[in-house]
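Secondary and tertiary structure notes
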Amino acid sequence: MLAALRDKSLHFQVFALAIPMVLSNITVPLLGLVDAAVIGHLDHAWYLGGVAVGGTMINMTFWLLGFLRMATTGICAQAYGAHDKEAQAGTFVQGMALAWLLALLLIVFHQPVATLIFHFSTASAEVKMYAEQYFSIRIWGAPAALANFVIMGWLLGTQNAKSPMWLLIVTNLVNIGLDVLFVLGFGWKVQGAAVASVIADYSGMLLGLWFVSRQWIAHSLPAIREKLGSVRHGMGRLLKLNRDIFLRSLCLQLTFVFMTFQGATLGDNVVAANAVLMSFLMLVSYAMDGFAYAMEALVGKAVGAKNRDELSRYLVGTTFWSVIISLVLTFTFSVFGREIIGLISNIPAVQQEAMRFLPWLAAFPLVAMWCFLLDGIFIGATRGKEMRNSMFIAMCFFFAIWWMLNSYGNHALWAAMLGFMAMRGIGLAVIFSYQWQKNIFLSPASANN
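Below or above, wherever it landed, is the structure these notes cover. Everything numeric here is computed off the predicted structure, so don't read it as measured data.

Counting its regular elements, the protein contains 17 helices and zero strands. Counting over 449 residues, the protein shows a buried share of 59%. Long-range pairs, those at least 24 residues apart, make up 86% of the contacts in the protein with a sequence separation of at least 6. A total of about 18000 Å² of accessible surface is found on the protein, and carbon and sulfur atoms cover 69% of it.

Structural data, given as structure tokens:
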């Protein structure tokens, strides 16, 4: 372990993949913070509540399909490690075909789905109205948003983190700029925030396809037209892995949706305050995800090459830097939390509510970093079944903790979320330890799940 930490080439490999993704990922919650800041400075809390609820619903819809990125990264990284150019090309074509098929289904059926979802919401009439507005506009960005999952996953799988970095940075900067223009400049309020996101998604897709074309030529991969005729070949492995990651993501999103809607029953100020703090939580998630993405690409490469020693080195290096980042985030939220809340919303009642629950959030980086890292390990190894099962157990703990502490209101929700993150890490750690000791972690996984 100490020898690995002294290896400068290891740190370079980890940083070459992780730092671009950390920098670009931070722009994602930054976008959420700008959304909250722009909408939070309007004259009523229900605008911010509407964006929070509507944004949660669209994010849940897209994140449920986040298997498109994760499965693509794992399978492509293994193909890269095995020097299989046919499989690298086939993974991209299959992923894009699946992404656009799912996007079409979302657009066709979004209205009845939205009606059903919001029927069960107990938020105020104003919050529900603006949430429905936001959702019905954002759904039209689905073809681009889902294609971007595949593009990012494929680029990461080929050990390229700089292109996904610029894809995310440019997309989110476009979104932020249009956000300010449409909401504050044109006075479009919630609708302006939604339109800005749709335009940014398509901008990102065009840029991403250009990055893919450059990578394709540099690696001398087979022509796309040659892979179109055989798009069904090998699709079974992708679909099986996607199935398990989808079910895992469904459990994850159920917890976040429950937290948003249950918070809405506690009043508009609470749901607005939770929106502010959830923006912080997203900051933690995306910062930690940068190292998880690096772990996915490096683990997948090592698994494809069937190199246990190389895999061990990657685990040590990535874990070391994840601990450092989590300590920095905990310190930042603990010391500067009040100032950051003040930047997001100038509504005194919202600020007061957010400060009450800030200590829960300050503990998140150190607790949650383990589940992000282990997610990266299992995605790189394309072990979706294990991820699915451990996530289901963690979700059960989430609802059990909330039920036992329900009388404490919003504190119960935050306690349940912290316990949920802890159980995600514990469950995967137990499984990984067993498979590592039995020397079966490098064996093929997804084909047999």
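With the rule as written, the count across this model stands at two cavities of 30 Å³ or more. Estimated volume of the second largest cavity: approximately 40 Å³. Around the second largest cavity sit Arg248, Asp375, Met387, Ser390, Met391, Arg424 and Leu428, which together line it. Residue assignment for the lining of the second largest cavity shows that the elements contributing at least two residues are α16 (384-404) and α17 (410-437). If you tally residues by element for the lining of the second largest cavity, the top one is α16, at three residues. For the lining of the second largest cavity, the residue count by class is three nonpolar, one polar and three charged.

What follows deals with unusual backbone geometry. One non-glycine residue, Gln159, lies in positive phi territory at about 65°. Among the secondary structure elements, Gln159 is positioned in the loop between α7 (142-157) and α8 (162-185). The residue Thr382 is not glycine, and still its phi comes out positive at about 50°. Relative to the helices and strands, Thr382 is located in the loop between α15 (364-380) and α16. With a relative accessible area of 0%, Thr382 lands in the buried category.

This part takes up a nonpolar patch on the surface. On the surface, Leu101, Leu104, Leu105, Val108, Phe109 and Val113 cluster together into a nonpolar patch covering about 550 Å² of accessible area. Within the secondary structure, Leu101 sits in helix α5 (residues 85-119). Residue Leu101 is classed as partly exposed on the basis of its relative accessible area, which comes to 47%.

Each value, and the rule that gives it
Residues numbered from 1 in each chain as written. Predicted model: local features only at pLDDT ≥ 70, side-chain atom pairs only at ≥ 80, totals over all residues. Heavy atoms only, no water. Helix = DSSP H or I, 4+ residues; strand = E, 2+ residues; numbered from the N terminus. Buried < 20%, exposed > 50% of the residue type's maximum accessible area, 1.4 Å probe, protein only. Contact = heavy atoms within 4.5 Å. Areas by Shrake-Rupley, 256 points an atom, 1.4 Å probe, with all protein chains shown as cover. 1 Å grid on protein atoms, 1.4 Å probe; cavity = no way out; pocket = protein on both sides within 12 Å on 5 of 7 lines; lining within 4 Å. Points joined across faces, edges and corners; volume = space filled by probe spheres on them. Nonpolar A, V, L, I, M, F, W, Y, C, P; charged D, E, K, R; others polar. Patch = residues over 30% accessible without salt bridge, like charges linked within 9 Å, V, L, I, M, F, W, Y side chains within 5 Å. Salt bridge = Lys/Arg side-chain N within 4 Å of Asp/Glu carboxyl O.

Shape is all these values report; function is a separate question.
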